[in-house]
Amino acid sequence: MSQSVDRALTLLGSLGDGPVTLEQAAGSIGVHKSTALRLLRTLEEHGFVHRLSDRRYRVGGRVLSLAQRALQEIDVRQVAAPYLAALNERCGCTVQLAVLQDDEVLYLDELAGRWSTDPGRPTRIGRRASATGTAIGRVLLAGTAATGTATTGIATTRTAPTGTAPTRTATDTLAADLAAVRRRGWAAESAEPPEAVSCVAAPVAGSDGRAVAACAISAPADRMPPAELLRLVPELLCTAEAVSLAYGGSPTPRWCENRCGARPAARASRT
């Protein structure tokens, strides 16, 4: 890499922490102010740097535009694939990845568990399911509700006649459940016979902290009791946050290198 390119990129990276003066810019790359000024002006001409009225410099709109395009081209399914495969191998459960689309869960990937002996068994890939009626759906709703973009119409109470206690509605219950999921960081469900499949799910965080996807592990209740499945929640959280890191998100630091192989450097895969 040429020295000028290296300096320009280093300088651009330093602007990520906020606006800087010419003196600060020069100091960040160890050059004279005249050299830093030439680099800044070149970056400004291409839209990568913007000069403020107080003569400080900040990241320009071109950087934001390129970043947004790059994010849109990242396939969360491709990013998550190795982590889901590792989780499937470790726990033996069915592992799934899904996103929220049109207020429904859309399954992007699935790896069958050790109890799925039928090779012709149809997968959920490409299928849709209720967002409120599934653990993976509630995780996705909870991950967007924090920003006010989740299910519309979540109410607090139903108006009651004067002198009577307010009545809780179905939306009240859902809102309380989603709040609990956000605090806990995962959701669970246990189906009734004949399905009798237990499931736990956790969110994959994007760069803005919202849930861009969710992964889940499930197993037949007669093979793995719900209590045993719940003991795998740390494994699930570790995997979900490893995917978040690889996808460029900012999850809470529960990831564990010896368990899922996640490393902070994985964030560089999005630049």
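My aim in this report is to walk through the structure given alongside it, one point at a time. Values in this document were obtained by computation on a predicted structure and should not be read as measured data.

What counts, and where the lines are drawn
- Residues numbered from 1 in each chain as written.
- Predicted model: local features only at pLDDT ≥ 70, side-chain atom pairs only at ≥ 80, totals over all residues.
- Heavy atoms only, no water.
- Phe/Tyr/Trp six-rings, centres within 6.5 Å; stacked < 30°, edge-to-face > 60°.
- Lys NZ or Arg CZ within 6 Å of the ring centre and 35° of its normal.
- Helix = DSSP H or I, 4+ residues; strand = E, 2+ residues; numbered from the N terminus.
- Axes fitted to C-alpha atoms, helices over the stretch in contact; angles between N-to-C directions.
- Parallel < 35°, antiparallel > 145°, perpendicular 65-115°, else oblique.
- Contact = heavy atoms within 4.5 Å.
- Nonpolar A, V, L, I, M, F, W, Y, C, P; charged D, E, K, R; others polar.
- Buried < 20%, exposed > 50% of the residue type's maximum accessible area, 1.4 Å probe, protein only.

1. Observations concerning the packing of aromatic side chains
Then step 1. If you walk through the whole model with that rule in mind, you get zero aromatic pairs.
Then step 2. In this arrangement the basic side chain of Arg 184 is found over the ring face of Trp 186, its NZ or CZ atom lying 4.7 Å from the centre.

2. Quick word on the environment of Gly 27
Then step 1. You can see Gly 27 is positioned in helix H2 (residues 22-29).
Then step 2. For Gly 27 and Leu 11, which are 16 residues apart along the polypeptide, the C-alpha to C-alpha distance reads 9.6 Å.

3. Focus: the packing of H2 against helix H3 (residues 33-45)
Then step 1. One can describe the packing of H2 onto H3 by two numbers: an axis separation of 9 Å at closest approach and a directional angle of 100°. Classified by the angle between their axes, H2 and H3 sit roughly perpendicular to one another. Where H2 approaches H3, its residues Leu 22, Glu 23, Ala 25, Ala 26 and Ile 29 are matched on the opposing element by Lys 33, Ala 36, Leu 37, Leu 39 and Leu 40.
Then step 2. In terms of residue class, the contact of H2 with H3 is built from eight nonpolar, no polar and two charged.

4. A look at the environment of Cys 215
Then step 1. Mapping Cys 215 onto the fold places it in strand S8 (residues 211-220).
Then step 2. Residue class for Cys 215 comes out buried when judged on its relative accessible area of 1%.
Then step 3. C-alpha separation for the pair Cys 215 and Glu 110, spaced 105 residues apart in sequence, amounts to 9.5 Å.
Then step 4. Every residue in contact with Cys 215, bar those within four places of it in the chain, is listed here: Leu 84, Gln 96, Leu 97, Ile 136, Val 200, Ala 201, Ala 202, Leu 236 and Ala 240.

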